[in-house]
Amino acid sequence: MLRHSITLTSFIALTMVAFAANSLLARLALADGAIDAGSYAFLRLASGAVVLIVLASASRKTSMKIIVKQGHWTSAAALFVYAAGFSYAYLALDTGMGALVLFAMVQATMIGWAITKGDRPVALEWTGLVIAFVAFSWLVAPGIEAPDPLGTILMAAAGIAWGVYSLQGRSSTDSLAATAGNFALGVPVALVLWLTAASTISMSATGVSLAVTSGALTSGLGYALWYRVLAHISATQGAIIQLTVPVLAALAGVIFVGEPLTVKFFLASALILSGVALAIVAKGRRA
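The rules behind these values
- Residues numbered from 1 in each chain as written.
- Predicted model: local features only at pLDDT ≥ 70, side-chain atom pairs only at ≥ 80, totals over all residues.
- Heavy atoms only, no water.
- Helix = DSSP H or I, 4+ residues; strand = E, 2+ residues; numbered from the N terminus.
- Rg over C-alpha atoms; globule rule 2.2 N^0.38 Å.
- Buried < 20%, exposed > 50% of the residue type's maximum accessible area, 1.4 Å probe, protein only.
- Contact = heavy atoms within 4.5 Å.
- Areas by Shrake-Rupley, 256 points an atom, 1.4 Å probe, with all protein chains shown as cover.
- Lys, Arg positive; Asp, Glu negative; His and termini not counted.
- Charge placed at Lys NZ, Arg CZ, Asp CG, Glu CD.
- Axes fitted to C-alpha atoms, helices over the stretch in contact; angles between N-to-C directions.
- Parallel < 35°, antiparallel > 145°, perpendicular 65-115°, else oblique.
- Left-handed = near helix turned anticlockwise from the far one by under 90°.
- Phe/Tyr/Trp six-rings, centres within 6.5 Å; stacked < 30°, edge-to-face > 60°.
- Lys NZ or Arg CZ within 6 Å of the ring centre and 35° of its normal.
- Salt bridge = Lys/Arg side-chain N within 4 Å of Asp/Glu carboxyl O.
- Core = buried A, V, L, I, M, F, W, Y, C linked by side-chain atoms within 4.5 Å.
- pLDDT = per-residue confidence, 0-100.
- Nonpolar A, V, L, I, M, F, W, Y, C, P; charged D, E, K, R; others polar.

Novice: Can you help me understand the overall build of the chain in this one?
Specialist: On a plain count of helices and strands, the chain comes out with 12 helices and zero strands. The N-to-C order of helical and strand elements in the chain reads α-α-α-α-α-α-α-α-α-α-α-α. Taken over C-alpha atoms, the radius of gyration comes to 18 Å for the chain, in line with the 19 Å a tight globule of 287 residues would show. Along the first, second and third principal axes, the C-alpha set of the chain runs to 50 × 45 × 40 Å. By residue count, 50% of the 287 residues in the chain fall in the buried class. Long-range pairs, those at least 24 residues apart, make up 89% of the contacts in the chain between residues at least 6 apart in sequence. If you sum the accessible surface of the chain, you get close to 13600 Å²; carbon and sulfur atoms cover 71% of it. Of the side-chain charges in the chain, 15 are positive and 9 negative, and the distance between the mean point of each set is 17 Å.

This is the structure we're talking about:
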């Protein structure tokens, strides 16, 4: 039992580091112009598709054609919007800010969908949601410390898309194969974006390596590891654990990119994460 707990804890830590690393890698690649956003999105999806298909093929002992059929075009479209919005947003946003906007919109999308389907939050849940919404509004409000408006909109779109993708995946009976199929279906769409923006294509060896690392390692293997973790924890635990991602991303941005950690960002992120955590815990107790 102890060994299992240690292993599970290690897997959880690795997965959260991988998720935060996605933001760091994108910022490192895009902030200094090592690669353009369209190329980054395409290479990330393509390399992720290769790794996931290999993993799914090896574990399911089936062909690539069958695995691709496990994908869904709606999920693939949401995945593409996420990858594209994520990439272009990090041309302007700091590492931690981007992760926080992304995370906030993912949670807002999933909670909002639950409400529209008849889930009625109790007072404590509403309190947490209001705290998070007010803090988020304060964070992105116009001012000297406000994040770039276009970057914020693009990352918000990416967060909504990832929320839709997550909701779509709840009905999947084989998460690994479905994700591999979705990545594979998303590659042609990303290729169209890449070719459409051919005049802006700019790739260095560093940029390509960062994009492939993000796709193959922190996205492909990271997502596969996360599916294994989810089989051993509750949905509420999974949601709360992911609260660490924006924090880890912000710290990584400070350490590896030299980004400033402002008082406003620190206070707003603490309020947003606390509000969402309050809502998640209250919902978990009600369920």
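What follows picks up the thread again.
Novice: Looking at this structure, I do not really get the packing of helix 2 (residues 37–60) against helix 4 (residues 73–89). What am I missing?
Specialist: In a packed pair of helices, the relevant descriptors are the angle between the two axes and the axis-to-axis distance. Two elements in contact, helix 2 and helix 4, have axes whose closest approach is 8 Å; the angle formed by their N-to-C orientations is 140°. On the basis of their axis angle, the class for helix 2 and helix 4 is oblique. Crossing geometry of helix 2 relative to helix 4 is assigned as right-handed. Side by side, helix 2 and helix 4 meet where Ala37, Gly38, Tyr40, Ala41, Arg44 and Leu45 of the first sit next to Leu79, Phe80, Tyr82, Ala83, Ala84, Phe86, Ser87 and Tyr88 of the second.

Novice: What exactly am I supposed to notice about the packing of aromatic side chains here?
Specialist: Working definition: an aromatic ring pair is given by the centre-to-centre distance plus the angle between the planes. If you walk through the whole model with that rule in mind, you get six aromatic pairs. A ring pair is formed by phenylalanine 19 and tryptophan 226, whose centres lie 5.9 Å apart and whose planes are at 70°; its orientation type is edge-to-face. With a gap of 207 residues between them, phenylalanine 19 in helix 1 (residues 2–31) and tryptophan 226 in helix 9 (residues 205–230) connect regions that are remote in the sequence. Residues tyrosine 82 and phenylalanine 86 carry aromatic rings whose centres are separated by 5.5 Å and whose planes lie at 45° to one another, so their mutual orientation is tilted. Here phenylalanine 86 and tyrosine 82 lie together in helix 4, a separation of four residues that amounts to about one turn. Just as tyrosine 82 is buried, phenylalanine 86 falls in that class too. Linked through ring pairs, Tyr82, Phe86, Tyr90, Trp162 and Tyr165 together constitute an aromatic cluster. Its guanidinium or amino end placed over the ring of phenylalanine 86, arginine 44 lies 4.7 Å from that ring's centre, counting from NZ or CZ.

Novice: Is there a simple way to explain the pattern of salt bridges in this structure?
Specialist: Side chains that differ in charge, positive against negative, can pair when their charged atoms come close. Under the definition given, this model contains two salt bridges. Across the pair arginine 27 and aspartate 94 runs a salt bridge whose closest N-O atoms are separated by 3.3 Å. Taken together, the residues arginine 27 in helix 1 and aspartate 94 in the loop between helix 4 and helix 5 (95–116) connect sequence positions 67 residues apart. Two residues, glutamate 259 and arginine 27, come together in a salt bridge whose shortest N-O distance is 3.0 Å. Placement of the pair is glutamate 259 in the loop between helix 11 (244–257) and helix 12 (263–286) and arginine 27 in helix 1, with a sequence separation of 232 residues. Connected via shared salt-bridge partners are Arg27, Asp94 and Glu259.

Novice: Just checking my understanding: could you explain the nonpolar core for this structure?
Specialist: Generally speaking, soluble globular proteins have nonpolar side chains that are buried together. One finds Tyr40, Tyr82, Phe86, Tyr90 and Met155 to be the most contacted residues of the largest nonpolar core, which totals 77 residues. With 10 residues, helix 2 is the single largest residue contributor to this core. What tyrosine 82 contacts, discounting residues up to four positions off in sequence, is Arg44, Leu102, Ala158, Ala161, Trp162 and Tyr223.

Novice: Help me understand the confidence of the model for the chain, please; the structure alone is not making it clear to me.
Specialist: Detailed conclusions should not be drawn from predicted coordinates in areas where pLDDT is low. Averaged over every residue, the pLDDT of the chain is 87; residues scoring 70 or more account for 95%. Element-level mean pLDDT values for the chain span from 73 in helix 10 (residues 235–241) up to 93 in helix 4.

Novice: Is there a simple way to explain the side chain of threonine 109 in this structure?
Specialist: Summarising the element assignment, threonine 109 is placed in helix 5. Every residue in contact with threonine 109, bar those within four places of it in the chain, is listed here: Gly159, Ile160, Gly163, Val164 and Leu167.

Novice: Quick question: what am I supposed to make of the packing of helix 8 (residues 175–196) against helix 9 here?
Specialist: Running from N to C, helix 8 and helix 9 point in directions that differ by 155°, and their axes come no closer than 10 Å. Here helix 8 lies roughly antiparallel to helix 9, going by the angle between them. Handedness of the helix 8/helix 9 crossing: right-handed. Here Ser175, Leu176, Thr179 and Phe183 of helix 8 lie close against helix 9, whose contacting residues are Tyr223, Ala224 and Tyr227. Class assignment for the residues of the contact of helix 8 with helix 9 results in five nonpolar, two polar and no charged.

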